[in-house]
Structures are given as structure tokens and as C-alpha cells.
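# Residue-level structure breakdown
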Amino acid sequence: MRLYLSEGSAQGLKVLAAAGASGARVRLERVPPDGRVVPFLTHPRVPALHLDSGTFLFSPNAICQYFFLLAGKEPNDLTNQWLEWEATELQPAVSTALYCHLVQGKKGGEVLGAIRKTLTYIDQSLTSKATPYLAGEAESVADIVLWATLFPVLRDESCLPDELQALRSWFQTMNLSEPCRSAAVSVLTPKGAQAFKVYLQKQLGPSLHWEKPAANEPEEEELAERSLSEEEIAAAAEAWARGPAALPERWQPPSPVLPVEGRRNVLITSALPYVNNVPHLGNIIGCVLSADVFARYCRLRNWNTLYVCGTDEYGTATETKALEEGLTPQQICDKYNAIHAQIYRWFDISFDYFGRTTTAHQTTIAQDIFQRLLERDMLLTDTVDQLRCERCQRFLADRFVEGTCPFCNYEEARGDQCDKCGKLINAVELKKPQCKVCKDSPVVKSSQHLFLDLPKLEGRLEKWLEQSWATGDWTANSRFITRSWIRDGLKPRCITRDLKWGTPVPLDGFRDKVFYVWFDAPIGYLSITANYTDQWERWWKNPQQVQLYNFMAKDNVPFHSVIFPCSLLGAEDNYTLVNHLVATEYLNYEDGKFSKSRGVGVFGDMAQDTGIPADIWRFYLLFLRPEGQDSAFSWTDLLLKNNSELLNNLGNFVNRAGMFVCKFFGGRVPPMELGADDRRLLAHVTLELRQYNQLLEKVRIRDALRCILSISRYGNQYIQVNEPWKRIKGHDADRTRAGTVTGVAVNIAALISVMLQPYMPCISATIQRQLCVPQACNVLTDTFLCLLPPGHQIGTVNPLFQKLENEQIEALRKRFGGGQVSPNPDPRPLPAQAARMASADVTPPGPGGGAVLAGDPQKVKELAEEVAKQADHVRQLKASKAEKGQIDSEVAKLLELKKQLALAEGKTPEPPAPKGKKRK
């Protein structure tokens, strides 16, 4: 084996240490940083490992894992999780810290600030597990990889904060190990960490977003501490001067949108929503909204982009809903397809085509893939034990049966998957199963079915995954879930069901069956595209020219990363497979889950009735997008984010910039004479723009949104410091200065209008209409250009956002808190019910969603405990000097709990104390 390394690449440290720790015998060859070692890659990638078989590995973590596998050290799930965390969280933070230290010359706390959060996470993990190493009692590849990433910025454990004792002990142990010491000597001697400086100087300067969530006021301290090189400042000023003429011409795709040779062709799908229900906010952010942001961004980058989606209409879920509503499956599909389409229109989702799976194209394409699998001996036949309801006289498909999960004992597990532990289930494994239709206990009977031979396809799948992971952007959870599926070996997967509503199986002996929805549904992406254009194969059988992005929540990952790719690989028809699998965690509602039946949470058809515009919903959902862990919708936090980030920060800046042009300069952008401070501001904005592009190219949607808010904070600070409203009344020099500040500010507002378009398209269009931004400016590059030159006429400027009031939010919280649902199927209460409701001693819903009955001792006790717990939480936040916005949010929850406690005790709640004054 040959291991290729280049001077200055910090990744070389980990592969050398891993080779030493595993005893791997490699021949080391050093190459220039731009040396093309791997012949089939577009860009140079070093380190790279050339195996004796001729295969290349060029992901540093994959190389490290390979060395340990050669030594017989198989990684466990925890090891894999650490490796994913290192690649997605630790590496970017350490790169920022090294850049600050080596390129910008910062020291001490400024450098550690970039990695403080990640260091704390490692320390807490080591402390909670009480083990000497990250994954247990023995050193693993995770220890080597994390040590090597941290070593260039820490060097020795003495610079670690005193309170991180577990991390300090672990790091000291790793420093003393022979493989780590040898690797450090080889890579860092004689220059030390300075060896990385030349490499880092060639990278784009990172934008420093660490541990500072959005606050109500401009973060002047944070903005002031960033430093810039003279080269960065000069380059930004030079780019600005080129003006809009430097922008590339906007790409106008053909109609229909088809791949174009020589262009970047991006195909985007979001997981097809089940047609049998109304999507809630978690469904919307997990799939269609996230994909919409990326699709809009791709179009701004002039990439040739097609975004398709549609309703998933076949299967048990539809039959179940049809029974509930007394309609035929087709009527259910027609009804809910229209509901979905209307909801997505209101949320301004920019599908190129929104279709459905109950089409002739779906039958044709699904049956063709099936026939190709059959011809290639990729299918098996076996007898399956199934649950049959004797009263209903039918085999029960997965969703027609519920029972107790055999893994976690959750009592409401479905016949295909447990919503609590997430494990897939065979319905016959359920404890105490019940038919969902008649509630009888079903019996086990046998039926012949067809299976996809996943074990036969496992080798092809792993080879493809290795390539896709090395070259694509898969989220950490999607990699982890996929690995957990294939770790113990794949098993044959049933692809048929005893149903009527589905794509029929075209094989004698099975013609009374349909395809299982998770074989059939992903083929919907292809058939929906086929309904959009008869040239659909140019997208779906063209992996050489097309980059495919799949968006979904994490529960859909195995079907898109294992089952569907195996179906396409086995069909052997040059299908386009996913390059980038983007999966979110779950969005919860307040302290629980969304539930349509219990009236808990906001669903898509309700959001438009709240009086809150669609763009505000988009912004808030994207601001808390559950990228690395589950997040929760909070009404209090929605109010805070709207009033602070949108109204006081972004809206305030854009409005002031435009108003100054109208009020002081007759609506025309004034001449600008840039000084040192102005050029420095241009460089700061340019760095934020570049960070925004880097993050969105990696589909880190939530983090990229913060770059826009940082730019508007820079703008607010710039206006506040220079006070153009005062300077305009002064001497000639002051008036000139007022003109420069106003001109630069309104150009920052124009840039924000472009960057904001993927997130808030309506607000973006409003800003552009007010500032008369030319449509040709809706192209994003890595440079901040003067888009509105002196003399440019702007239009009428009006406020962009409205303040959300506490009373309004409290009313919405109660409305969607679960206390409004009546068992009567008609949502309107009967007259007698209305009278009882009006006279009942019932207080508004509490945090748990149920009504609080005055005088209920058990409820009083529970609420008292919750108040005490929340009060402790608030005290801890204040003691740790947490962000003001976070403290305010938790205090609001405490006050609400106290109010509920007072009502439960039959008392009148105390009004909140006036802000800034203590109660006497």
C-alpha cells in the first residue's frame, strides 16, 4: 500500500497516527498539495491511500478505519458516531481556530472560543461514560482521529481549561502514545503548527459563529473582535468597484428543465408525503421546505436545477384513511393531493413539478424495474407468516395492526415500525396485536411473497456507498443509520403485500398482490419526473451528468440509502443514484409531539389561519431546523425571533438604509467615497457571503441563515457608528460621509435581498421592489458587488415586519395546545355542549396540552413540581451566564407554569412585574 501525504495538510496527522496504532505497513510518499494522486477525481485529494488491488481511498477517516480493520479492530456504532461527529462538527471548528491563530494572529481565548463547545462535548461524553477512551475501555480509531484533529491547535493538555478534567486526562494519554508522538514529529517538525499556515492561507477565511445565538441587539462585541488581512480588504474593495457588470448572466433553463452538457445539473427530491394526512410543521421542515431552500439557492448559483415531489398514494395508509372517511382510495387520494398542493403553494414551495404516484407511468416504471430484477435473479420467493383478521376476512397489512413493540414495549407500535424506538418490525412480532378496523385479535396465517435479495446486492451497495460518501455530502445521521443497517449483514426484504390498492405485481401466482410501498414509493420520483417530461431518463439514467440530492427526515433514510439503491443497482440500467442524502432529525412541538387527533401542534392547513405570514413561518422553521439533533417549536421563541432577529435586526437595517436614501437624497443612491472603515466593512460582508455559500453548498441550511443576520448586524452597527442622520446636517465633508454610508448601506440591503431569497422569497421580492433591484442581480457569486450604483432610483420604502404581541401568541398557544378537540366528529360543539363548556370551571390548557381543572390536587402537585424544576433551570442558566434570549425564553415558560399553578389552585394569577422594576 502507498500512502500519499502533502506538507501542510492537517489531515496527514491522523492517517499517520492510525497507521502506527494499527501496525499497518505502508510505503509513504510525499507529494505537493496540488498533486493529482487519484486519477478519477476532479480536484486534488491528499492524503490518499493506494491499495495493492488498485483501489484508492481518499477520505482521511475512511483511510484510518481501513487501517484498523486490517488489524481486526471492527468499529462499533459509538466509534462510527464519533467519526461522523468529528467530520461534521469538530473539523470545521478546529479549522476556524487554526485560521484565527495562524493566519489572523489571534491567541488564547479568541482561538479556544472557536472550539470551546466541541471540547465541552467531548469532556461531558468522557465524564458520563467514565471510560478512559471515547468508545470504551480500549483505544479505537475514534481516539486517533479526534486526537489528531485537536493536536495542532492544542499541542499539549496544559492549554485546556481547568474544568475539562476528563478531556485533559484523555488528551494527555493520547499525547504519550507512541503512534501519536511519532506522527506529530513527522508532520509538525520542525515548523510546528506553522506548517499548516501556507495551506490555510489558500482557504477562504471562515466566518466565526461560535456559541453566540441570535440576540436582540447587534452583537457589537462579536463583530468588533474579527480581524482581516490587508489583502482581504483590498480584494473586497476591488471586487466592489467592478459593479453589477461583473455578474454572470442569469441562467434561463429550458422548458422542460433538462440536463445540459457542461453545466452543473442538480436533481432535487423531497420525500414523498403520505397522501392520507395533513403535513405538520415537522413534516414541512424535514422535507419540502429544506429542499425548497436548496433548490432556490441552486438557481441563484446558475445551476441547472430540477425540483420534483408529489404525494405517495398507494398502500395501507390510504386504504385505512378511506375506511375511516367512507370514501374510495382514489377519492381519498384526490382529496388529500389537493390539500397538500394548496399547503405547499401557501408556503411558497418552488417545485418544478408536484405530482402523485397513482399514474400509468408509475405502473410502467415500477414493473420494468421489477422485471429487470426478476431476469437477473435478484428476487426470491418465500412463505410469510402474516396476521389475518377473521372478522374482516383479510390479511392485515402493517398499518392495519397495532400492538406492543417487541423491542421497547411501546404500546402503540405499528405493524411496520415503532415510533418510539424507531426499529422496523414484522407485524407478527408485535405483542398483543389488534386489528385497527374492528379491534379483534388477529391470527397468524401463511402467504407466498416475493423478496428483494439484498444479501446478493450487498457487495455492490457497499462499493457504491463508499464512493458516494467520499464524494457527496451525506448528513451524519444518514451515514450512521445506513451503517447500522448493513453492519450485521443485509437480509432479504419483502416487496409484495396482500392488498388491492397499489401497483399490481406482473407475475403469475402473485397477480392478486401489489408492490410493498417501500419498494414502490421511491420509484415515484422517477414516475413523477416522467409525468413532467417524456425525456425523464435524461435525469434518471444519467449519473455522469446529474447530481442527485434527496431530502427527508431520518426515519426515511434506510429506504433511500439501502433498499431503493439496491433495487436500482440490481436492475442494471444505469440509474442515477443519490449523491447527497440530507436527513433532518425531528421537530417536536413545545414539550411533546404533533398530534392531529389531539389537536396538538400546528398543521399546514392551520398555519395560514394564524395571521402570521408564510415567510415568518419559513424563517422560524429554518432558524431551528433540526440538523444535528431534535429541536422543538416554541411559541415564545417564535415571538422572540420575529421581534428581535426580523423586526429589530434585519427589518430595521433594510428600512433605515432605504429611508435614508429617500429622505436625504431624493430617492437616488448618493455618490460614495470609500474610506478605510468602509473597505473593512466590505471585506467583512464578503467573508459572510463566502461562508454563506460554503455552508449552503454543504446543505447546512440553518447555519447559512445566520450569515444573513450577521450581515444585517454589521449594517446596523455601521449606521449607528456613522450617524448619517446627523452628518447630513453638517459641513460638506459630513454630507459626503453621510452619502457614502447611505450608499454602502443600501447596497448591503440589496445583497441581503438576494441572499434572503431561498429563505423568505416574499420578503426578498418586497425588498427588491422597494429598492428597484434589477432582476439581473439575482445571481450569487463569492464577491460583494456594488449592485446599486450612484444615481440609481429606488422606490417607496415601507416596514417589512410587524411585531408579534404576547396576547396574540398566548391565544395561538392555547388554540393549538390540545384543549380544543371535541370527541364529536363535527368540530363545532352542539348547543348543549357549548352551554356546558361556557359554564364549566375549566382553565386554559396547561403545558401538557390538557385542560387544567381548578381544585384538582394531583394537577396542583404536578404543576408545583414543574415550577420548581423550571425555576432551577432558569437559575442555572443565569449562573452560567447564558445568552439573554435563551434566558428570556425559559423565564417566559416559568411564568406560564406559575400562571397555570395559580389557576389550578383557584387563585387569580399575578400580573407580570413591569420590566426593569422589582415587585415590592
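All of these numbers come straight from a predicted model, not from anything done at the bench.

## Notes on the overall build of the protein chain
A count of helical and extended segments in the protein chain gives 33 helices and 22 strands. Expressed as a percentage of the 920 residues in the protein chain, the buried residues total 56%. Across the protein chain, contacts joining residues at least 24 apart in sequence account for 75% of those joining residues at least 6 apart. Only carbon and sulfur atoms are counted for the fraction: they give 50% of the accessible area of the protein chain, which is about 40100 Å².

## Points about the state of the cysteines
If you walk through the whole model with that rule in mind, you get zero disulfides. Left without a disulfide partner, Cys392 is nearest to the cysteine sulfur of Cys389, which lies 3.6 Å away. The class for Cys392 is partly exposed, based on a relative accessible area of 26%. Left without a disulfide partner, Cys662 is nearest to the cysteine sulfur of Cys772, which lies 9.2 Å away. For Cys662, a relative accessible area of 28% corresponds to the partly exposed category.

## Describing the sheet that holds strand β14 (residues 493-494)
Spatial strand order, β9-β8-β13-β14: four strands in an open sheet with antiparallel pairing. Each edge of the open sheet is held by one strand with a lone partner, namely β9 (394-395) and β14.

## Notes on the sheet that holds strand β11 (residues 413-414)
Strands sit in the order β11-β10-β12 across an open sheet of three strands; the sheet is antiparallel. Every other strand in the sheet has two partners, leaving β11 and β12 (431-435) as the edge strands with one partner each. Bridge analysis of strand β10 (residues 401-404) against β11 gives two bridges, and the strand direction is antiparallel. Pairing of Gly403 across the sheet is with Ala413, part of β11.

## Some words on the environment of Pro39
Within the element layout of this structure, Pro39 appears in the loop between β2 (27-30) and β3 (48-50). Pro39 sits 17 residues away from Phe56 along the chain, and the two C-alpha atoms are 9.4 Å apart.

## Describing empty space enclosed by the protein
The tally for this structure, following the rule as stated, stands at four cavities of 30 Å³ or more. Of the pockets and cavities examined, the largest cavity occupies roughly 130 Å³. Contributing to the lining of the largest cavity are 16 residues, with Gly315, Thr316, Arg399, Tyr516 and Val517 lying nearest its centre. Of all the secondary-structure elements, those providing two or more residues to the lining of the largest cavity are α13 (316-325), β16 (514-515) and α18 (517-520). For the second largest cavity, the calculated volume is near 90 Å³. Every residue along the wall of the second largest cavity is listed here: Leu247, Leu689, Leu751, Val754, Cys777, Val779, Leu780, Thr781, Thr783, Phe784, Leu785 and Leu787.

## Describing helix α16 (residues 454-471)
For α16, with 18 residues, the first-to-last C-alpha span of 24 Å sits near the 26 Å given by 1.5 Å per residue. At Arg460, α16 shows its maximal bend, which comes to roughly 30°. Those residues of α16 that fall on the buried side of the exposure criterion are Leu454, Leu457, Glu458, Leu461, Trp464, Leu465, Ser468, Trp469 and Ala470. Summarising the contacts, the buried residues of α16 are in contact with β13 (443-452), α17 (476-486), β14 and α21 (557-571).

## Here's the deal with the side chain of Arg483
Inspection of the secondary structure assignment puts Arg483 in helix α17. Beyond its immediate stretch of four places on either side in the chain, Arg483 contacts Gln65, Asn80, Glu84 and Trp469.

## Some details on the environment of Ala237
For Ala237, the location among the structural elements is in helix α11 (residues 230-242). Judged by relative accessible area, Ala237 falls into the buried class, the value being 15%. Between the C-alpha atoms of Ala237 and Asp678, which are 441 residues apart in sequence, the distance is 8.8 Å. Among all residues touching Ala237, those that are not within four sequence positions of it are Arg679 and Leu682.

## Brief notes about the pairing of strand β8 (residues 379-389)
In this structure, β8 lies alongside β13, joined through ten bridges in antiparallel fashion. When the bridges of β13 are listed, Leu387 appears paired with Val444. Where β8 lies against β9, two bridges are found, and the strand directions are antiparallel. The partner of Arg388 across the bridge, within β9, is Phe395. Counting the residues that bridge the hairpin from β8 to β9 gives four residues, and of these Gln393 lies at a positive phi of roughly 55°.

## As for the packing of helix α24 (residues 635-665) against helix α28 (residues 732-755)
It is at 9 Å that the axes of α24 and α28 come closest, and there the two elements cross at 135°. Between α24 and α28, the interaxial angle falls into the category oblique. Relative to α28, α24 is oriented so that their crossing is left-handed. Residues Leu650, Phe653, Val654, Ala657, Gly658, Phe660, Val661 and Phe665 of α24 touch α28, and the partners they reach there are Ala738, Gly739, Thr742, Ala745, Val746, Ile748, Ala749 and Ile752. A per-class count over the contact of α24 with α28 returns 13 nonpolar, three polar and no charged.

## Considering the packing of aromatic side chains
Across all of its chains, the model carries 33 aromatic pairs by this definition. Measuring from centroid to centroid gives 5.5 Å for Trp82 and Trp85, while their planes differ by 85°, and the two rings are edge-to-face. Taken together, the positions of Trp82 and Trp85, both in helix α3 (residues 77-103) and three residues apart, correspond to about one turn of that helix. For Trp85, a relative accessible area of 13% translates into the label buried. Within the aromatic cluster, the residues linked to one another by ring pairs are Phe294, Tyr297, Trp303, Tyr549, Phe551 and Tyr692. A cation over a ring is seen here: Arg264 above Trp303, with NZ or CZ 3.8 Å from the ring centre. If you follow Arg706 out to its NZ or CZ, it ends over the ring of Phe623, 4.0 Å from the centre.

## Quick notes on the environment of Glu723
With respect to the secondary-structure elements, Glu723 resides in the loop between α26 (701-722) and α27 (724-727). Relative accessible area serves as the criterion here: at 27%, Glu723 is assigned to the partly exposed category. Separated by 14 residues in sequence, Glu723 and Arg737 have C-alpha atoms that sit 9.6 Å apart.

## Structural notes on the pattern of salt bridges
Overall, the coordinates contain 44 salt bridges when judged by the stated rule. Two residues, Arg487 and Asp77, come together in a salt bridge whose shortest N-O distance is 2.3 Å. Here Asp77 lies in helix α3 and Arg487 lies in the loop between α17 and β14, a separation of 410 residues in the sequence. Residue Glu810 pairs with Arg813 through a salt bridge whose shortest N-O separation is 2.9 Å.

## Digging into the packing of helix α25 (residues 676-697) against α28
Where α25 contacts α28, the axes come no closer than 12 Å and their chain directions differ by 5°. Between α25 and α28, the crossing angle belongs to the class labelled roughly parallel. Side by side, α25 and α28 meet where Asp678, Leu681, Leu682, Val685, Leu689 and Tyr692 of the first sit next to Arg737, Thr740, Val744, Ile748, Leu751 and Met755 of the second. Per-class residue counts for the contact of α25 with α28 are nine nonpolar, one polar and two charged.

## Quick look at the confidence of the model for the protein chain
Across the protein chain, the average pLDDT comes to 85, with 86% of residues at or above 70. Here residues 207-225 is modelled with pLDDT under 50, and outside its nearest four sequence neighbours on either side it reaches 48 contacts, counting other chains as well.

## Topic: the nonpolar core
Counting 178 residues, the largest nonpolar core has Ile268, Ile369, Trp617, Trp635, Tyr692 and Tyr759 as its most contacted members. The dominant element in this core, judged by the number of residues it contributes, is helix α12 (residues 281-300), at 13 residues. Sequence-distant contacts of Ile268, defined by excluding residues within four places in its chain, comprise Ala291, Phe294, Ala295, Cys298, Thr305, Leu306, Tyr307, Val308, Tyr549 and Phe551. Residues Cys64, Val111, Leu126 and Phe171 belong to the second largest nonpolar core, which totals 55 residues.

## Comments concerning helix α1 (residues 11-22)
In this model, α1 (twelve residues) spans 17 Å end to end at C-alpha, consistent with the 16 Å of a helix rising 1.5 Å per residue. The buried fraction of α1 amounts to ten of the twelve residues, a majority that puts the element mostly inside the structure. Turning to α1, its buried residues are Gly12, Leu13, Lys14, Val15, Leu16, Ala17, Ala18, Ala19, Ala21 and Ser22. Looking one or two residues past α1, Gly23 carries a phi angle of roughly 75°, positive in sign.

Reading guide: rules and limits
- Residues numbered from 1 in each chain as written.
- Predicted model: local features only at pLDDT ≥ 70, side-chain atom pairs only at ≥ 80, totals over all residues.
- Heavy atoms only, no water.
- Helix = DSSP H or I, 4+ residues; strand = E, 2+ residues; numbered from the N terminus.
- Buried < 20%, exposed > 50% of the residue type's maximum accessible area, 1.4 Å probe, protein only.
- Contact = heavy atoms within 4.5 Å.
- Areas by Shrake-Rupley, 256 points an atom, 1.4 Å probe, with all protein chains shown as cover.
- Disulfide = S-S within 2.5 Å.
- Pairing = 2+ DSSP bridges.
- 1 Å grid on protein atoms, 1.4 Å probe; cavity = no way out; pocket = protein on both sides within 12 Å on 5 of 7 lines; lining within 4 Å.
- Points joined across faces, edges and corners; volume = space filled by probe spheres on them.
- Expected span 1.5 Å × (residues − 1).
- Bend = angle between axes of the 7 residues up to and from the residue.
- Axes fitted to C-alpha atoms, helices over the stretch in contact; angles between N-to-C directions.
- Parallel < 35°, antiparallel > 145°, perpendicular 65-115°, else oblique.
- Left-handed = near helix turned anticlockwise from the far one by under 90°.
- Nonpolar A, V, L, I, M, F, W, Y, C, P; charged D, E, K, R; others polar.
- Phe/Tyr/Trp six-rings, centres within 6.5 Å; stacked < 30°, edge-to-face > 60°.
- Lys NZ or Arg CZ within 6 Å of the ring centre and 35° of its normal.
- Salt bridge = Lys/Arg side-chain N within 4 Å of Asp/Glu carboxyl O.
- pLDDT = per-residue confidence, 0-100.
- Core = buried A, V, L, I, M, F, W, Y, C linked by side-chain atoms within 4.5 Å.

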